[in-house]
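A look at the structure
The lines below spell out each chain.
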Amino acid sequence: MITGDHVLTAKAIAKQLGVLPPNGKVMDGPTLSRLSVDELEEVVDDVYVFARVSPEHKLKIVKALQRRGHIVAMTGDGVNDAPAIKAADIGVAMGQSGTDVAKEAAALVLLDDNFATIQAAIQEGRNIYENIRKFIRYLLASNVGDFSHVVCDAAGSPASACADPNFMGEPCDRWASGDGARN
């Protein structure tokens, strides 16, 4: 959680949201100012809440997280959030309360300003992705027999070599069902 709020306010909100565990680390803006991006990169995974941060700090945190290999989503509503929103992998702006600058910098604008919408959209996206994977697996498995005949014909093999109905049937059936492939 990254906020410009006071450290005590940020801690209280983070605890209510379940973001901050009992002994979770909180870092404030002045401490963050003393760290280079390289130094921040070493500790960024251990910090749950960043409080009293400036726009420069937000950008620094986004870059440090990305350098650690994280996919970073940044939400914001003001002009001061725009650089970090733009630098994030997924920038999200508030549609009702957000400034035009934040909306322009964002890849996604929440029309209802409700964070629950983000969670629902992520879940829907994961469901769509999984359905596409299942469909592709089905298509590949159901057409591999036809493909094997084309390969046999192109290679000049006799038709009888590819005529066995179980030639690829069972392995492909297992693969399509997910039993024979990694999920």
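For the structure, see preceding data.
Residues numbered from 1 in each chain as written. Predicted model: local features only at pLDDT ≥ 70, side-chain atom pairs only at ≥ 80, totals over all residues. Heavy atoms only, no water.

So, the overall build of the chain
Inclusion rule: Segments assigned H or I by DSSP are reported as helices when at least four residues long, segments assigned E as strands when at least two residues long, and all are numbered from the N terminus. Categorising residues by exposure relies on relative accessible area from a 1.4 Å probe, with only protein chains included: less than 20% of the type maximum marks a residue as buried, more than 50% marks it as exposed, and the intermediate range marks it as partly exposed. The contact criterion used throughout is that any non-hydrogen atoms of two residues lie within 4.5 Å. Methods summary: accessible areas were calculated by the Shrake-Rupley approach with a probe of 1.4 Å, and residue burial reflects only the protein chains presented.
Secondary structure assignment for the chain yields nine helices and five strands. For the chain, the α and β elements follow one another from N to C terminus as α-β-α-α-β-α-β-α-β-α-β-α-α-α. Residues counted as buried form 28% of the 183 residues belonging to the chain. At a minimum sequence separation of 6, the contacts of the chain that also span at least 24 residues come to 36%. Entry remark: accessible area of the chain is about 11700 Å², with carbon and sulfur atoms responsible for 55%.

Re the sheet that holds strand β3 (residues 73-76)
Under the convention used in this document: The rule for pairing is simple: two strands pair if DSSP sees at least two bridges between them. Helix axes are fitted to C-alpha atoms over the stretch in contact, other axes to C-alpha atoms as well, and angles between N-to-C directions run from 0 to 180 degrees.
What the three strands build is an open sheet, ordered β3-β4-β5; its pairing is parallel. One side of each edge strand has no neighbouring strand; the edge strands of this open sheet are β3 and β5 (108-110). The sheet shows a mean angle of 25 degrees between the axes of neighbouring strands, taken without regard to direction. By the bridge criterion, four bridges tie β3 to strand β4 (residues 90-94) in an arrangement that is parallel. By the bridge assignment, Met 74 is partnered in β4 with Gly 91.

What to know about unusual backbone geometry
Even without a glycine there, the phi angle at Arg 52 is positive, about 55 degrees. Relative to the assigned elements, Arg 52 resides in the loop between β2 (47-51) and α4 (55-67).

Some words on the nonpolar core
Rules: The definition of a nonpolar core used throughout is a set of buried Ala, Val, Leu, Ile, Met, Phe, Trp, Tyr and Cys residues joined through side-chain atoms within 4.5 Å.
Counting 11 residues, the largest nonpolar core is built from Val 62, Val 72, Met 74, Ala 82, Ala 84, Ile 85, Ala 88, Ala 93, Ala 102, Ala 105 and Ala 106. Secondary-structure elements contributing two or more residues to this core are α5 (82-87) and α6 (100-105). Here this core takes three residues from α5, the largest share from any one element. Not counting residues up to four positions away in its chain, the partners in contact with Val 72 are Val 62, Leu 65, Gln 66, Ala 88, Asp 89 and Ile 90.

Remarks on a nonpolar patch on the surface
Rules: Patch building starts from residues that exceed 30% relative accessible area and form no salt bridge, then joins like charges within 9 Å and nonpolar side chains (Val, Leu, Ile, Met, Phe, Trp, Tyr) within 5 Å. Whenever a carboxyl oxygen of Asp or Glu lies within 4 Å of a side-chain nitrogen of Lys or Arg, that contact is scored as a salt bridge.
A contiguous nonpolar patch, built from Ile 128, Ile 132, Phe 135, Ile 136, Tyr 138, Leu 139 and Leu 140 and spanning about 680 Å² of accessible area, is present on the exposed surface. Position of Ile 132 among the secondary structure elements: in helix α7 (residues 115-155).

Re the side chain of Glu 41
Relative to the elements of secondary structure, Glu 41 occurs in helix α3 (residues 37-43). Not counting residues up to four positions away in its chain, the partners in contact with Glu 41 are Ala 64, Arg 67 and Arg 68.

Here we look at the environment of Val 19
Assignment of secondary structure puts Val 19 in the loop between α1 (7-17) and β1 (25-28). According to the relative accessible area criterion, Val 19 is partly exposed, its value standing at 30%. As a C-alpha pair, Val 19 and Tyr 48 span 29 residues in sequence and 6.9 Å in three-dimensional space. Excluding residues that lie within four positions of it along the chain, Val 19 makes contacts with Met 1, Ala 14 and Tyr 48.

Observations regarding the pattern of salt bridges
Using the criterion set out here, one finds five salt bridges in the structure. Residue Arg 67 pairs with Asp 38 through a salt bridge whose shortest N-O separation is 2.3 Å. Of the two residues, Arg 67 is situated in helix α4 and Asp 38 in helix α3; the sequence distance between them amounts to 29 residues. A salt bridge links Glu 41 to Arg 67; its shortest N-O distance comes to 3.1 Å.

Some remarks on the environment of Ser 54
Just so we agree on the cut-off: For this analysis, a polar contact is any N or O atom pair within 3.5 Å, provided that within protein one partner can donate a hydrogen and the other can accept it, and provided that sequence-adjacent residues contribute only side-chain to side-chain pairs.
Note that Ser 54 resides in the loop between β2 and α4. Ser 54 sits 50 residues away from Gly 4 along the chain, and the two C-alpha atoms are 6.7 Å apart. A distance of 3.0 Å separates the side chain of Ser 54 from the side chain of Glu 56, its partner in a polar contact.

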